Amino acid sequence: MKSFDNQAYRTRLNKGKTSKVEDLETSQGAQTALMTFADNKGPKKVYDDCSLNDLLEIVANIIERVINENSVQNHVSIYNASKTPKMTILDYLIRIVTYSQATKSTVLCTLILLDRFFENNNEEILTLLNSFKFLGTSLLLASKFNEDVTLSNEDFAKVIGVQLSELNNLENNFIHTLNFDLMISTETFHDYQELMRK
């Protein structure tokens with residue numbers, strides 16, 4: 001697979017090529033498993049006012065804190081990488097968002113679907129070894145459900161850094177764990193937007 005230049009991702013992202021946002025009305029929300037980590041320790045920008053870069057930093061911060069809270073780091077999962085990733089979670093998110101042209105709403109939906117996955121599967125634990133494949137798979141599904149135009153699984157596999165057959169297996173596992181429920185209500189979406197304020 002062709003290697004990607006990290007500076008190119010950031011340059012492309014900063015040019016606003018992925019900055020579309022869907023505006024929805026606000027509502028009050030309840031905290032869920034992953035989002036309980038979006039507390040006062042993180043950035044304080046409001047979802048509507050933050051850039052895509054800011055949102056990616058918030059999501060990366062949440063994922064890193066969840067990983068740090070998990071005491072078991074040698075958990076066996078089909079989502080595990082064979083070795084510890086060399087890039088940061090933020091750089092990985094920038095990579096997949098840049099090449100998939102995902103919007104802010106798709107990034108937030110990625111977090112919602114990931115949270116839903118862990119609510120439905122108590123045996124899985126988010127670790128550094130599996131976080132990249134979980135994020136990639138969740139973003140793939142959020143993108144397919146939320147975007148009018150998205151990458152094919154073949155192209156997504158190249159961006160995520162896995163073989164197509166593996167991505168298809170991860171997607172199948174993820175969507176079955178969600179019981180094929182990719183629908184995110186306006187209320188749930190706004191619950192997560194509201195939690196970004198904290």
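Keep in mind it's a predicted model, so treat the numbers as computed, not measured.

Procedures and definitions
- Residues numbered from 1 in each chain as written.
- Predicted model: local features only at pLDDT ≥ 70, side-chain atom pairs only at ≥ 80, totals over all residues.
- Heavy atoms only, no water.
- Salt bridge = Lys/Arg side-chain N within 4 Å of Asp/Glu carboxyl O.
- Helix = DSSP H or I, 4+ residues; strand = E, 2+ residues; numbered from the N terminus.
- Buried < 20%, exposed > 50% of the residue type's maximum accessible area, 1.4 Å probe, protein only.
- Core = buried A, V, L, I, M, F, W, Y, C linked by side-chain atoms within 4.5 Å.
- Phe/Tyr/Trp six-rings, centres within 6.5 Å; stacked < 30°, edge-to-face > 60°.
- Axes fitted to C-alpha atoms, helices over the stretch in contact; angles between N-to-C directions.
- Parallel < 35°, antiparallel > 145°, perpendicular 65-115°, else oblique.
- Contact = heavy atoms within 4.5 Å.

**A few points about the pattern of salt bridges**
Reasoning step 1: Scanning the model with the defined rule gives 3 salt bridges in all.
Reasoning step 2: Here glutamate 166 makes a salt bridge to lysine 133, at a shortest N to O gap of 2.4 Å. Linking glutamate 166 in helix α7 (residues 164-177) with lysine 133 in helix α5 (residues 128-146), this pair joins segments that are 33 residues apart in sequence.
Reasoning step 3: We classify glutamate 166 as partly exposed; its relative accessible area is 25%.
Reasoning step 4: Here glutamate 171 ties to lysine 144 by a salt bridge, and the two come within 2.7 Å at their closest N and O atoms. Linking glutamate 171 in helix α7 with lysine 144 in helix α5, this pair joins segments that are 27 residues apart in sequence.
Reasoning step 5: Here glutamate 171 falls in the buried class, since its relative accessible area comes to 13%.

**Some details on the nonpolar core**
Reasoning step 1: Grouped together as the largest cluster of nonpolar side chains are 52 residues, with contacts concentrated most on Leu56, Ile63, Ile89, Leu93, Leu113, Phe134 and Phe174.
Reasoning step 2: Mapped by element, the contributors of at least two residues to this core are α2 (52-69), α3 (89-100), α4 (104-120), α5, α6 (153-160), α7 and α8 (186-195).

**Points about the packing of aromatic side chains**
Reasoning step 1: Here the structure, examined in full by the defined rule, presents 5 aromatic pairs.
Reasoning step 2: The structure contains a cluster of three or more aromatic residues connected by ring pairs, namely Phe117, Phe118, Phe134 and Phe174.

**Some details on unusual backbone geometry**
Reasoning step 1: Not every positive phi belongs to a glycine, and glutamine 101 is a case in point at roughly 60°.
Reasoning step 2: With respect to the helices and strands, the residue glutamine 101 is situated in the loop between α3 and α4.
Reasoning step 3: With relative accessibility at 26%, the residue glutamine 101 sits in the partly exposed group.
Reasoning step 4: Despite not being glycine, asparagine 179 has its phi angle at roughly 55°, a positive value.
Reasoning step 5: Within the secondary structure, asparagine 179 sits in the loop between α7 and α8.

**A short note on the packing of α4 against α8**
Reasoning step 1: Between α4 and α8, the least distance of the axes is 10 Å, while the angle of their chain directions is 100°. Our classification of the angle between α4 and α8 gives roughly perpendicular. On α8, the residues that touch Ser105, Leu108, Cys109, Ile112 and Asp115 of α4 are Thr188, Phe189, Tyr192 and Gln193.

**Focus: the environment of proline 85**
Reasoning step 1: Mapped onto the fold, proline 85 is located in the loop between α2 and α3.
Reasoning step 2: Sequence-wise, proline 85 and serine 131 are 46 residues apart; in three dimensions their C-alpha atoms are separated by 9.5 Å.
Reasoning step 3: Setting aside anything within four residues of it in sequence, one finds proline 85 in contact with Leu128 and Phe132.

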